[in-house]
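Single-letter residue listing:
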Amino acid sequence: MEEKSKLICDRCKVDMTESEVEFSYLNRSFRHKVPRCPQCGQVYIPEKLASGRMNEVEKMLEEK
Amino acid sequence: MKILGTTQSICPVCLKPLEGRYLSEAGSVILNKTCEAHGTFETAIAQREEDYLRWTANSSINIPPKKAMTQGASGSCPLHCGTCKEHLQTACCVLIDVTERCNQHCPYCFAKAETDLSGGFGPGEPDLEEIRRKYDLLLDLGEERAFNIQLSGGEPTVRNDLPEIIRMGKSKGFEFIQINTNGRRIAQEEGYAQILRDAGASVAFLQFDGTNDEIYRALRGEPLLKLKKKAVENCRKAGLPVTLVPTVVRDVNLKNIGEMMNFLLENVDVVKGIHFQPVSFFGRHPGEKENRVTMFDVMNELEQQTKGAFAARDCYPITTGHPLCCFQSSYQKQKNGTVKSLINYGTKMEGLSCCEAKDPLEIVKKDRDFVLNKWHIHEPHQEQKQEESCCCGSTEACCDESAESCGCGKSEGSPSKSAESGCCETTNEELLDFDQFLNELRRNMFSVSCMAFMDGSNLDAERLKRCRVQVLSPDDRLIPFCAYNSIYREDQHESI
């Protein structure tokens, strides 16, 4: 099996780690596992998540 | 008395086009018009002037039909419907009357349908070839995203070939086909809801006037509550979504709205919407006295009878229609049984349901998808199913795509997208993840809407020009629903 790709935080130059983080949008909160910098807390939102689930949630909550 | 606006209306007796005036009188709004031959007519529009002014101030988006089918002299609306070159909105939903027969004989019936239980074709009923031709015509008249279709009548389920009619429509590419039904056959024939669902029916648009039999005796001539409940139950078994459609009559069921909402909440797994229709004075209705329920009456009663759980401020107009024609709202039933409005978030005051889309075709698509998404029983997400059945017990480890999906293909790199706020690490087990949230929301969300039809009394040509619910007439015209039932139905008036 291929070794999993790693992401590095561009600020802290450390490996990002998979963490469960809390998202808030329009008074609703959700959790999701995304790569997160253990030092500065910056997270990476994968394209698929942004255009997929997050987009769906946004549409549902905004009646789009 | 002051004039709030003028429009073109008709004389309800001779249909002659007349000027109609929206007047404010003691804080209420009426439509007033005078026919030289038949006198002055007035009808209620809004009990509170502020409601009328607030709603009519809403913005609108006009997307005309692809091509005009009729034309007529200026000032003669609505006597040349078809749709004509003056029409401002392409249809969202097109009705096809597949029969004039019915298995009930309701004292109130906009179609004046007569009881006829014969299984074959009734007089003038389109056969399958004719329906195929009608579908093809509608594909030609519609945009890339085909019209939504409502199979109506009469009672469409009296036709034994209804499943075939649905299948034919689906195979031709109509994504949304709703069945306008009284639910009698669905209730009485075990497995029939499944047959409709398997054929591709999108939703049962179910006549449901309230939660006690006094209401049904008044509106339908017989006690039907048990039958309605059975119809809902059979739709649940079949996974066929239901939209409750109450005809609202002032002295019959206006005060039952709160109870109807309770019924919806108890059945929110299968009932995905309630669509109030204040009674119109066309077709068959008892009594001469007009005691009109307005759209605003429904909104206000909804709020009062539910002690504010369903508030008038949650309701908004559809911008591709006329603001006096309908209201719409969406809610989620929460775990504790209370409801949460889903539209308190900025768009509602703009009355915008079809978002920031600028491309007319995109707006048309979103408009038509609106009910497709709303009146639908959603299956859990595929990913969610995988998670639940994952052999390793992990929630994400075996389907993690995060590192690959940035598209860079590198093993090291800088994040191309980041979120610096609103993303704190959490150990809150109570929080739902996106999939769980979406599934929960879809399972428990429902819409509340109302359509205020027009008849000869309250007909307003400006509203008609923006009508998005059109009937495909036997002679292949697309006629705004209210004009069709007020003027064009064969037995209404001759030779128009």
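The numbering scheme is per chain: residues are counted from 1 as the chain's sequence reads. Just so you know, chain letters begin at A and ligand numbers begin at 1, following the order they were written in. The predicted nature of this model means local features are confined to residues of pLDDT at least 70 and side-chain atom pairs, given and counted, to a pLDDT of 80 or more, with totals for whole chains, interfaces and linings taken over all residues. Think of the side-chain values as coming from all heavy atoms in the structure, minus any hydrogens and water.

1. A word on the overall build of chain B
So, point 1. Strands here mean DSSP runs of E at least two residues long; helices mean DSSP runs of H or I at least four residues long; both are numbered from the N terminus. If you tally the helices and strands in chain B, you get 14 helices and 20 strands.
So, point 2. Sequence separation of at least 24 residues holds for 72% of the intrachain contacts in chain B that already meet a minimum separation of 6.
So, point 3. Within the structure as shown, chain B displays about 20600 Å² of accessible surface, and the carbon and sulfur contribution to it stands at 48%. The contact definition used throughout considers only heavy atoms, calling two residues in contact when any of these lie within 4.5 Å. Accessible surface is estimated by sampling points in the Shrake-Rupley manner with a 1.4 Å probe; for residues, cover comes only from the protein chains shown.

2. So, the pattern of salt bridges
So, point 1. Each salt bridge in this description consists of a side-chain nitrogen of Lys or Arg and a carboxyl oxygen of Asp or Glu lying within 4 Å of one another. Applying the stated rule across the entire model yields 34 salt bridges over all chains.
So, point 2. Notably, a salt bridge pairs arginine 145 of chain B with glutamate 175 of chain B, separated by 3.6 Å at the nearest N-O pair. Of this pair, arginine 145 of chain B sits in the loop between α2 (128-141) and β8 (148-152) while glutamate 175 of chain B sits in the loop between α3 (162-171) and β9 (177-181), and the two are 30 residues apart along the sequence.
So, point 3. Between arginine 443 of chain B and glutamate 440 of chain B there is a salt bridge, with its nearest N and O atoms 3.1 Å apart. Of this pair, arginine 443 of chain B and glutamate 440 of chain B are both found in helix α12 (residues 434-444), 3 residues apart, which corresponds to roughly one turn of the helix.
So, point 4. Remark: exposure states derive from per-residue accessible area (1.4 Å probe, protein chains only) relative to the maximum for the residue type, with buried under 20%, exposed over 50%, and partly exposed in between. We classify glutamate 440 of chain B as buried; its relative accessible area is 15%.
So, point 5. Ionic contacts of the salt-bridge type, sharing partners, join the residues Arg53 and Glu56 of chain A together with Asp435 and Arg442 of chain B into one network.

3. Digging into the packing of aromatic side chains
So, point 1. Only rings of Phe, Tyr and Trp enter the pairing, Trp through its six-membered ring, and a pair is recorded when the two centres are within 6.5 Å. The plane angle decides the type: under 30 degrees is stacked, over 60 is edge-to-face, the rest tilted. Counted under the stated rule, the structure contains 13 aromatic pairs over all chains.
So, point 2. Plain terms: the ring middles of phenylalanine 23 of chain A and phenylalanine 434 of chain B are 5.3 Å apart, the flat faces sit at 55° to each other, and that makes the pair tilted. Taken together, the residues phenylalanine 23 of chain A in strand β1 (residues 17-25) and phenylalanine 434 of chain B in helix α12 connect one chain to another. This pair shows no difference in class: phenylalanine 23 of chain A is buried, exactly as phenylalanine 434 of chain B is.
So, point 3. Summarising the aromatic geometry, the rings of phenylalanine 110 of chain B and phenylalanine 481 of chain B are spaced 5.3 Å apart at their centres and angled 70° between planes, so their arrangement reads as edge-to-face. Within this pair, whereas phenylalanine 110 of chain B is found in the loop between β6 (101-102) and β7 (114-115), its partner phenylalanine 481 of chain B is found in helix α14 (residues 481-488), the two being separated by 371 residues in sequence.
So, point 4. According to the relative accessible area criterion, phenylalanine 110 of chain B is partly exposed, its value standing at 24%.
So, point 5. What makes phenylalanine 481 of chain B buried here is its relative accessible area of 5%.
So, point 6. Aromatic ring contacts, followed pair by pair, group Phe23 and Phe30 of chain A together with Phe434 and Phe437 of chain B into a single cluster.

4. Topic: the pairing of β8 of chain B
All names here are of chain B.
So, point 1. Counting buried residues in β8 gives 5 out of 5 residues, a clear majority hidden from the surface.
So, point 2. Taking every second residue as pointing to the same face, both faces of β8 are buried, with Asn148, Gln150 and Ser152 on one and Ile149 and Leu151 on the other.
So, point 3. Relative to β8, strand β5 (residues 93-97) runs parallel, the two sharing 5 bridges. The residue bridging isoleucine 96 from the neighbouring strand is leucine 151, located in β8.
So, point 4. Here β8 pairs with β9 via 3 bridges, running parallel. The residue bridging glutamine 150 from the neighbouring strand is glutamine 178, located in β9. Whether two strands pair comes down to DSSP finding at least two bridges between them.

5. A closer look at α3 of chain B
So, point 1. Inspection of α3 of chain B places Leu162, Pro163, Ile165, Ile166, Met168 and Gly169 of chain B among the buried residues, and these make up the whole buried set.
So, point 2. Against the buried residues of α3 of chain B lie α2, β8, β9 and α5 (192-199) of chain B.

6. Some thoughts on the nonpolar core
Residue and element names in this part refer to chain B.
So, point 1. The definition of a nonpolar core used throughout is a set of buried Ala, Val, Leu, Ile, Met, Phe, Trp, Tyr and Cys residues joined through side-chain atoms within 4.5 Å. Leu151, Phe276, Phe327, Phe446 and Val448 are the most contacted members of the largest nonpolar core, which has 80 residues in total.
So, point 2. Excluding residues within four positions of it along the chain, phenylalanine 327 makes contact with Trp55, Met295, Val298, Met299, Leu302, Cys315, Tyr316, Val448, Ser449 and Cys450.
So, point 3. Grouped together as the second largest cluster of nonpolar side chains are 23 residues, Leu15, Met451, Leu459 and Ile479 included.

7. Describing the packing of helix α2 (residues 53-61) of chain A against α12 of chain B
So, point 1. Viewed as axis vectors pointing N to C, α2 of chain A and α12 of chain B meet at an angle of 30°, and their least axial separation amounts to 10 Å. In terms of their interaxial angle, α2 of chain A and α12 of chain B are classed as roughly parallel. Crossing of α2 of chain A against α12 of chain B: the hand is left-handed. On α12 of chain B, the residues touching Arg53, Met54, Glu56, Val57, Met60 and Leu61 of chain A of α2 of chain A are Phe434, Asp435, Phe437, Leu438, Leu441 and Arg442 of chain B. Each axis is a line fitted through C-alpha atoms, and for a helix only the stretch in contact is used; angles between axes span 0 to 180 degrees, taken between their N-to-C directions. Each angle receives one of four descriptions, namely roughly parallel if under 35 degrees, roughly antiparallel if over 145, roughly perpendicular if within 65 to 115, and oblique otherwise. In a left-handed crossing the near helix is turned counterclockwise from the far helix by less than a right angle, and in a right-handed crossing that turn is clockwise.

8. Observations regarding unusual backbone geometry
Residue and element names in this part refer to chain B.
So, point 1. Across the junction of glycine 82 and threonine 83, the peptide omega takes the value -10°, indicating a cis bond.
So, point 2. Within the secondary structure layout, threonine 83 lies in the loop between α1 (49-56) and β5.
So, point 3. A cis geometry characterises the amide bond from glycine 153 onward to glycine 154, with omega recorded as 20°.
So, point 4. Note on placement: glycine 154 falls in the loop between β8 and α3.
So, point 5. The phi angle at aspartate 476 is positive, at roughly 70°, despite the residue not being glycine.
So, point 6. Note that aspartate 476 resides in the loop between β19 (469-472) and β20 (478-480).

Honestly, that's just the spatial picture; any functional story needs more than this.
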